[in-house]
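As a plain string of letters, each chain reads:
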Amino acid sequence: MAVEPAAPRIEAHPTVFVDTFTNGLLGPDVEMLGPVEDGGHVVVNTAPGCWGPMITPAIRGGHEVAQPVAVAGAVPGDAIAIRIKDIEVTSIATASGNDMSPEGSFNGDPYCAPVCPGCGAEYPETRLDGIGQDSVRCVECGADATPFKFTNGYTIAFDHAREVGVTLPQEAAERIAREPARYAALPENSVQNPILAFAPHDIVGLATRLRPFMGQLGTTPSITVPDSHNAGDFGSFLVGAPHGYAITAEELAEHRTDGHMDIDAVRTGAILVCPVKLPGGGVYLGDMHALQGDGEIAGHTCDVSGTVTLQVEVIKGLGIDGPLLFPLVEDLPYLARPLSGAERARAEALAREWGLGELEESAPISVVGTGPDLNSATDNGLERAAELLGMEVPEVKNRATVAGAIEIGRHPGVVQVTFRAPLERLEQRELLPYVRDQYGIG
């Protein structure tokens, strides 16, 4: 009887370096790099995520994200804890703003179904011809082929330390626009048209602070979708869509991993725990933002190139449906922050006055919820938190009110349900090591 040869053993690497990108898609059809060891590191040189890819219709997902990396030992039903060790902005400048989509430039969704208004080609190849909002031209027919333009936009330059930025006047914006790839510090393998070529300058002289974070960070969905649509709000645009990436609401709920969050607390020092829905998990990132106010209400913010270092660890059998976040203490809502020693002592004294023997030991956790709108996203986050911790939704609502908050990650439909949860429940789900590392509790 013939013996089947054993499958070759794939050696895991302590560190995986990534400088390649997907064509705007994520899912089982996208090759994973690695695998990286459980406990190993992933180092990525990433490209701007939003506006550059948005004006590059050959990119099929509206973003340009790094090729995913498999993590050794991760199987569906597990989770991967991602420790964000470092995020560094390398762009010298970027441009952004509020958007509109010209008529005839897309089929139902300008992010993932662009069409050349001139020749009707889907996902047309383009070239830059000069500067300004009419500079993206179809290679075949020469028509203005960008699926997006600004209603109000700005060009912003950063200081050498990448600590502050200033929005620029027309002359400076146009000077940058003539060398857009250099000022964007585009990685060599990026194929996007740099948004700096548009030279927007509607807001001039506004100074602001930088605090970089990852707009996309997570694990690969178990169905192939446009990268920007791996969440319940943007993903809802795929339900019943007229293009080839159409899915059902049930497929979206089952397969998404909510890696596109735009939550500004996903920054250096935070710990993100993500579901595994494909063998290896497929950790990916992109859409680095130099800064953003909660909600990203303009629809976009300051997308930049940069370098990112992550450490990844497998949590066996956690069985979560969407991401969990352990933010830095300063990013927690006021009521969700751990009590200080003095506060704890006063609370214990008050408890004794009322005959209460001991106080609950608790620690912060932030559960991400997504949906077509903020109400449905909040419901999703509440339900996920209740399932994770073995509570009823009304209890989660009370805890988020008394010792937490509901925070908007992205309008229209990404929220954080953040609250202090009982340590015993977190320990039961094997999350206590992350609580201990992040908050010194437990």
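Residues numbered from 1 in each chain as written. Predicted model: local features only at pLDDT ≥ 70, side-chain atom pairs only at ≥ 80, totals over all residues. Heavy atoms only, no water.

Q: Please clarify how the packing of aromatic side chains should be interpreted in this entry.
A: Geometry of an aromatic ring pair is reported as the spacing of the ring centres plus the angle between the planes. One pass over the full model with this rule turns up 6 aromatic pairs. Ring geometry for W51 versus F150: centroids 4.1 Å apart, planes at 40 degrees, classification tilted. Of the two residues, W51 sits in helix α1 (residues 51-54) while F150 sits in strand β9 (residues 149-158), which places them 99 residues apart along the sequence. Using a relative accessible area of 1% as the deciding quantity, one classes W51 as buried. (Phe/Tyr/Trp six-rings, centres within 6.5 Å; stacked < 30°, edge-to-face > 60°. Helix = DSSP H or I, 4+ residues; strand = E, 2+ residues; numbered from the N terminus. Buried < 20%, exposed > 50% of the residue type's maximum accessible area, 1.4 Å probe, protein only.)

Q: Help me out: how do you make sense of unusual backbone geometry in this one?
A: In most cases, non-glycine residues show a negative phi, while peptide bonds are predominantly trans. Here the amide bond leading from G34 into P35 is cis, since omega sits at 10 degrees, within 30 degrees of zero. Within the fold, P35 resides in strand β3 (residues 33-46). Here the amide bond leading from H411 into P412 is cis, since omega sits at 25 degrees, within 30 degrees of zero. Its identity is not glycine, yet R162 carries a phi of approximately 55 degrees, on the positive side. Within the secondary structure, R162 sits in the loop between β9 and β10 (164-167).

Q: Help me understand empty space enclosed by the protein, please; the structure alone is not making it clear to me.
A: Unoccupied space between atoms shows up once a probe the size of one water molecule is rolled over them. Tallied over the full model, the rule gives 4 cavities of 30 Å³ or more. Its boundaries defined by the atoms lining it, the largest cavity holds a volume of some 50 Å³. Around the largest cavity sit P48, S91, A93, T94, A184, L186, Q192, P194, I195, L196 and D303, which together line it. Quantified by volume, the second largest cavity comes out at close to 40 Å³. For the second largest cavity, the full set of lining residues is V18, V42, V44, A66, Q67, V69, V283, Y284, L285 and L310. Among the residues making up the lining of the second largest cavity, the classes are represented as 9 nonpolar, 1 polar and no charged. (1 Å grid on protein atoms, 1.4 Å probe; cavity = no way out; pocket = protein on both sides within 12 Å on 5 of 7 lines; lining within 4 Å. Points joined across faces, edges and corners; volume = space filled by probe spheres on them. Nonpolar A, V, L, I, M, F, W, Y, C, P; charged D, E, K, R; others polar.)

Q: Before we go on, may I ask you to explain the nonpolar core in this structure?
A: Soluble globular proteins tend to bury their nonpolar side chains together. If you look at the biggest cluster of nonpolar residues, it comprises 42 residues, and the most contacted ones within it are L217 and L310. Here this core takes 5 residues from strand β5 (residues 79-89), the largest share from any one element. Here L217 is in contact with I82, I84, G259, M261, V266, L272, Y284, L285 and L310, once residues within four sequence places are set aside. I315, A377, V415 and L426 belong to the second-largest nonpolar core, a separate cluster that totals 34 residues. (Core = buried A, V, L, I, M, F, W, Y, C linked by side-chain atoms within 4.5 Å. Contact = heavy atoms within 4.5 Å.)

Q: Is there a simple way to explain helix α6 (residues 374-389) in this structure?
A: The periodicity of an α-helix, 3.6 residues per turn, causes residues three or four places apart in sequence to face the same way. Along its 16 residues, α6 runs 22 Å from first to last C-alpha, staying within 8% of the 22 Å computed at 1.5 Å per residue. Burial in α6 covers these residues: A377, T378, N380, G381, L382, R384, A385, A386, L388 and L389. Where α6 starts, the residue carrying a side-chain oxygen 3.1 Å from the main-chain nitrogen of N375 turns out to be D373. At the exit of α6 stands G390, carrying a positive phi of roughly 65 degrees. (Expected span 1.5 Å × (residues − 1). Polar contact = N/O pair within 3.5 Å; in protein donor to acceptor, adjacent residues only side chain to side chain.)

Q: Please clarify how the environment of F21 should be interpreted in this entry.
A: For F21, the position within the fold is in the loop between β1 (13-18) and β2 (25-26). Distance from F21 to P68, taken between C-alpha atoms, is 8.5 Å for residues 47 residues apart in sequence. Among residues more than four places away in sequence, those in contact with F21 are N45, T46, A47, E64, V65, A66, Q67, P187, N189 and S190.

Q: Is there a simple way to think about the packing of α6 against helix α7 (residues 393-402) in this case?
A: For any two helices packed against each other, one specifies the crossing angle of their axes together with the interaxial distance. Interaxial distance between α6 and α7 falls to 9 Å at its minimum, and their mutual angle equals 110 degrees. In terms of axis orientation, α6 runs roughly perpendicular to α7. Side by side, α6 and α7 meet where L382, E383, A385 and A386 of the first sit next to V393, V396 and K397 of the second. Looking at the contact of α6 with α7, its residues break down into 5 nonpolar, no polar and 2 charged. (Axes fitted to C-alpha atoms, helices over the stretch in contact; angles between N-to-C directions. Parallel < 35°, antiparallel > 145°, perpendicular 65-115°, else oblique.)

Q: What is the right way to look at the side chain of D258 in this model?
A: Examined against the element boundaries, D258 turns out to sit in the loop between α4 (249-255) and β14 (271-275). D258 sits in the buried class, given a relative accessible area of 0%.

Q: Whenever I open this one, the side chain of D331 confuses me. Can you help?
A: With respect to the helices, strands and loops of the structure, D331 is situated in the loop between β17 (324-326) and α5 (341-353). Not counting residues within four places of it along the chain, the set of residues in contact with D331 comprises R211, A265, R267 and E407.

Q: Can you help me understand the pairing of strand β16 (residues 306-315) in this one?
A: Here is the key point about a regular strand: its side chains alternate between the two faces of the sheet. For β16, a buried count of 8 out of 10 residues is recorded, marking the element as mostly surrounded by other parts of the structure. In terms of strand pairing, β3 meets β16 through 6 bridges, oriented antiparallel. Bridge pairing links V44 to V308 in β16. (Pairing = 2+ DSSP bridges.)

Q: How do you make sense of the layout of surface pockets when you look at a structure like this?
A: In this structure, the largest pocket encloses a volume near 300 Å³. Lining the largest pocket are 19 residues, and of these Y154, L291, H300, T301 and C302 sit closest to its centre. At 3 residues, the largest contribution of residues to the lining of the largest pocket is made by β9. Taken together, the residues of the lining of the largest pocket sort by class into 8 nonpolar, 9 polar and 2 charged.

Purely geometric stuff here, so don't read any function into it on its own.
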